[in-house]
Each structure stands twice: as structure tokens, then as C-alpha cells.
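Architecture at a glance
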Amino acid sequence: MVHRVHSCHAVMIGTRVAPTLAWVVTLLGVMVGGCEREAARFPDRAPLWVDEDTRPFRGPPPERYSSFLWDGADNAVFRPLTEAWRFERASEAVNVNALDEVPSSSWYENRLARRLMSPEDVARGACQRLEDPPLPWRVVSGKPDGASPGFTIEDADGQRHMLKPDGALQPERASAADAIAASIWHAAGFHAPCNRVVYVDPASLELAEGATTEHADGREEPLTDAHVQRVLAQAVRRDDGTVRLAASQFIDGAPVGHWRYDGVRREDPNDVVPHEHRRELRAQYVLSAWTNHIDSRQENTMAAWMTQGESHGYLRHYVIDFGDCFGVIHESEALSKRFGHSGYFDVQHLATDLVTLGQLDRPWDHAAYGPAGETLGYYDVARFEPDAWRPGYPNPAYDRMTERDAAWMARVVARFRDPHIRALVERGRFSDPTVSEELIRVLIGRRDRILERWLTRLSPLTWPRVEDDQLCVQDLAVWTGIRDHDDRRYEARAADASGAAVSLPGSPTTTDDAFVCQPLPDRTGYLVVDLIAETVDRERTAPARVHLLRDDEGATRLLGLERVEESGS
């Protein structure tokens, strides 16, 4: 049933109907029981790759305030209780195109998902350059106390950056995590800031005239060198006197507060798809699990007003603040060992432990530091189960992630090859090579577990193309190395629009870059080709179902791709 609704939705996106109408029709499809198999025919139109949700409107909208305590209580306790009485049916994401991919929008931009990128480009992230911002740096404001002390500088190009120290606990991890994970999110397609690890000589910092500082209690006063030194005292200092800081470049646009992982923003006429039904937000779970981004919540998001003219613009949606990634630890050792396996206040685990008197064997019972010691905390591969990972408290989009959503993100994660991961870890600028090598090892190990989990249930065949009267798709399971080419078997079958079998000339062949190519029949009209991958003595995935149309002039057009759930469907 879910698959049929998904197929029907793919057709709607392909027709480029208005987003609001598409959402209404999808809901109607669910209410009447989904689309029959015959309704899965795709229209003769190119798949949609850009969702035009950046249409200018009068603004900006009012800034939205987000309460950390309320958001935590709502998602950990009140929302789950409310949803238990709603009997919400599982449904597929709405914003998916005819190729089972996510179009670019104000939320997401196809980068690594659609094209190969060099390790350097992936590591650079949103930054224009890998190098430190140009000197001199002028300190224009500061926050010397509170939970996140730091100050804002303006570099020689006039660009502003927020600088923060690592603190005494886990020196170097937070700044490295902010830089590395921001580049991962950016390459995966999200709008993320340019984050760097920088080393700066305190003597090179200049105080801007009129600069002020804001204390944790809200008091403002003129910024002095003493305020700056108070922040720098919490930073890692090298033998040459330079200090290590996390530098986050100010995002483009004017911030207007956080965005939520559910609902829509009423003040934004472009925001018509409930956020919990956006595939990129649901599937962000996979990236969070990979990096152990337990604080994947609305407080670590930002909507920015992008001006177009004097009074009009649109909202762009950023994901920010990744300093908790790669093994953050808490003053409570027991809580630190649970991160990624259980929430801050995990009702399910608390209830189970109460009933079983705590006798169940839990992953956190086996937590131990690796070769990187305290720096990477309990971030490991051995205890990592991709689909059992949990954030600090429930995320409404993550809770609705389906197999298709996760498989889509796994196809993106598959493009992070080992050289990409090594280049990313270099951004962390760790002083101890052991920490760098351990982080590389864990990232590769967790990536491979993600690929094993989500490239072996639904078909890993992707990126269909028609060339030389052949239909070719890439087998990501072989391309990533989780399956061996010699053990792989492929099967193809075809049908016309009515479902009648069509004979195919020849059998599938393979290429060195893991593409599987099937010759197509010399016939006009609508054609549906099922390509099936199988590994001997392991799994046989359901088909990747490709929809084609050949016109009277002999040109074959690619209309859509489905990943069916059962081999016989």
C-alpha cells in the first residue's frame, strides 16, 4: 500500500503540478487506499530537479523563538503521547521526483547526490577557500561567559565569523566536529555554514571601536581585551602561543530564527510541505547516525531571509552547529555511554529497564574508549547499528523515516569514498595523528555499516540512463565494494503499458564502473524494464523498475524509476 502511494506521488511530481495541489492529491490517495498498479505510469515529461520554492514574497517574516526546554519536553514526552492517539499511518515522503530522488530547493541542493566531487571540494564545504580567513581580524562583539562563550570577528575581506574555544573537556573534538560535519552536510546537499578550525596569535586580534559584549544575564558593556582573554583562556594553546578556535562564518541572508522538523511556517507562502514529510529531513537521520549528531534538533537550525529587492525575498533553511558529533561526552559518564543508543529521557528504555529490573544487555554496557581516548569518547563501530541509532530526544521527521528515505540517503553516503573521508578529517587539524587515524577508521566503518543496511533491502541500482539503445544503471553495492562483482548476478524483464510481457534482446552486461546495461527492443511506445540484482547465497533485491517511452522517431526517453519492495510486485 505504501509503495502504491509512493508510485502515484512520483507521477504527480513529474507532471509539475502546484506543490499544494500535489500534497492534497497525495492525501486523497492515502484516504482512498492508494493507486492501483496501472496508475504508476509516468507522464511524458522530464523528471523534476528544481522545486521552485524560492518565489519572492513580502517580508521578512517575524523571528521565531525556540525554547530548548519546551522543545525537549514536547518531543520526548508530549508529542509521543499525542501521536499515540492519532493512529497516524506510515506514509512516504512527499517531495520526491520521478527518479526517486529529491529536487533542489530552499532546503536542499543536489551536490554529491548527482555528481562526483573531488575530496578537496567535499572537504571545503561551504567555504570559498580552505585557508584561514585573511588577517587582520577585528573583534566586533563578544560573549565571554555562559554555556557557549566566544566573540565575533571581521576579517580583512569584511566577512564576519563567530569564534569559540573547545573548552577543557575533550579538547580539539568540538571544533573539529563543527568543521568536518558541516562539510559532510554541505556535500550531502544541505545548506550548512562554512566552519573551520583556526589557530590564531592573540596579539593579532584588534578590538573594533565601539565593540560591545553581552553577558549571560543580558547585560551589555564595552568590549575590552580582558573579555577576549577570558574566552581565549578556555582554548587549546600550542607551544608557539597560538590558540585553537572554531570559526563559523556568518551564513548568507538575515537570520529569522529556527525552523521546526514538523509542520509548516505559516508566514512563508513557499512552505507548503509539512517538514516531517520532506525526504531530506527524514533521511538526515542517516547522516546523524553516521556522525553521532545527537543534538539534531530545531535549536541547531536557522532560517535566513534572502532579499530580492527592497521588500521581497524568500527563506533559505540552514542546518548549523555540529559540535556534538564524533563522541561528545557529558560530565555524567553513564549518560555519555548511552549517547546514540538511548535518548536523554528515553521513556521506552526506562520502562523496559523497570520491567526487566535492568537485566537486559545494552550497548552502553560495553562502551569503552578507543585509541583516541577521551577526545573521541565512545564513538565507535563495534556497537553501531544504523537503524537502532537514537538522537538525544525524538525528532518528528526522523520518526517518520521510511526504508525508501534511508535508502536514498545511503546512496548519497555511498559517494563519500575513503579519500573523501581522509580529506574531511584533515579539516579537523588534530594535533595527535592517532586521533585523526581513529576518526577515519570509525567514519569508514560506520559508513560501510550504513551501506550494508540500506543498499541491500531495496534495489541499489541507480542513475538510469539510455545510450546506444541500452538502458544502464549503476550498482552501488558493487561500486562501493560491499558486494563482489564476481558474485553478482543480474536479471532483466520488460512489459508494455498494459502489463503484457515484452521480449528483451540479449542479457544484462556490466562495465568496470559497476554499470549494468540491458539492450532495449526496437519498438515504439511505453516500456517498463525491471532490473534485478542478486548476490549468490546472500540477497536478491526487488527490482529497480525503469519507465521508458520510445517515440516514432526512435528516440527513447527516461520517464521514471521505482524501487519496488517485493520481487513479485
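Calculation criteria
Residues numbered from 1 in each chain as written. Predicted model: local features only at pLDDT ≥ 70, side-chain atom pairs only at ≥ 80, totals over all residues. Heavy atoms only, no water. Pairing = 2+ DSSP bridges. Helix = DSSP H or I, 4+ residues; strand = E, 2+ residues; numbered from the N terminus. Patch = residues over 30% accessible without salt bridge, like charges linked within 9 Å, V, L, I, M, F, W, Y side chains within 5 Å. Areas by Shrake-Rupley, 256 points an atom, 1.4 Å probe, with all protein chains shown as cover. Salt bridge = Lys/Arg side-chain N within 4 Å of Asp/Glu carboxyl O. Buried < 20%, exposed > 50% of the residue type's maximum accessible area, 1.4 Å probe, protein only. pLDDT = per-residue confidence, 0-100. Contact = heavy atoms within 4.5 Å.

In a beta sheet, neighbouring strands pair by backbone hydrogen bonds and run either parallel or antiparallel. Across the sheet, 4 strands lie side by side as β13-β14-β18-β17; this open sheet has antiparallel pairing. Among the strands making up the open sheet, the edge pair consists of β13 (461-467) and β17 (509-510). Looking at chain direction, β13 and strand β14 (residues 470-475) are connected through 5 bridges and run antiparallel. Among the inter-strand pairings, R465 is bridged to a residue of β14, identified as C472.

Looking now at a nonpolar patch on the surface. On the surface, Y344, F345, V347 and L350 cluster together into a nonpolar patch covering about 360 Å² of accessible area. Relative to the elements of secondary structure, Y344 occurs in the loop between α8 (333-338) and α9 (347-356). On the accessibility criterion, Y344 (33% relative accessible area) is partly exposed.

Take P419: it is sitting in helix α11 (residues 418-426). When the C-alpha positions of P419 and L48 are compared, they lie 31 Å apart, and in sequence the two are 371 residues distant.

Within the open sheet, the 4 strands sit side by side as β1-β12-β11-β10. Their pairing is antiparallel. A strand with exactly one partner marks an edge of an open sheet, and here the two such strands are β1 (57-58) and β10 (254-255). As paired strands, β1 and strand β12 (residues 312-319) are joined by 2 bridges and run antiparallel to one another. If you follow F57 over to β12, its bridge partner there is G313.

Next up on the list: the confidence of the model for the protein. The predicted model of the protein has a mean per-residue pLDDT of 89, with 91% of residues at 70 or higher. Below pLDDT 50 for its whole length, residues 1-39 participates in 66 contacts with residues either more than four positions away or in separate chains.

On the secondary structure map, R278 appears in the loop between β10 and α7 (279-291). You can call R278 buried: its relative accessible area is 3%. If sequence neighbours within four positions are ignored, R278 has contacts with D53, A93, N95, S105, W107 and V273.

What the rule picks out here adds up to 46 salt bridges. In this structure, D166 engages R244 in a salt bridge whose closest nitrogen and oxygen atoms are separated by 3.3 Å. Taken together, the residues span a long stretch of sequence, with D166 in the loop between β4 (160-164) and α5 (173-188) and R244 in strand β9 (residues 243-249) at a distance of 78 residues. The pair formed by D166 and R244 is uniform in burial state, with each residue classed as buried. Note that D387 is salt-bridged to R453, the shortest N-O span being 2.7 Å. Taken together, the residues span a long stretch of sequence, with D387 in the loop between α9 and α10 (403-413) and R453 in helix α12 (residues 433-454) at a distance of 66 residues. Overall, the relative accessible area of 13% leaves R453 in the buried class. A single salt-bridge network, built from bridges that share partners, covers D100, E101, R279, R282, D405, R411 and R563.

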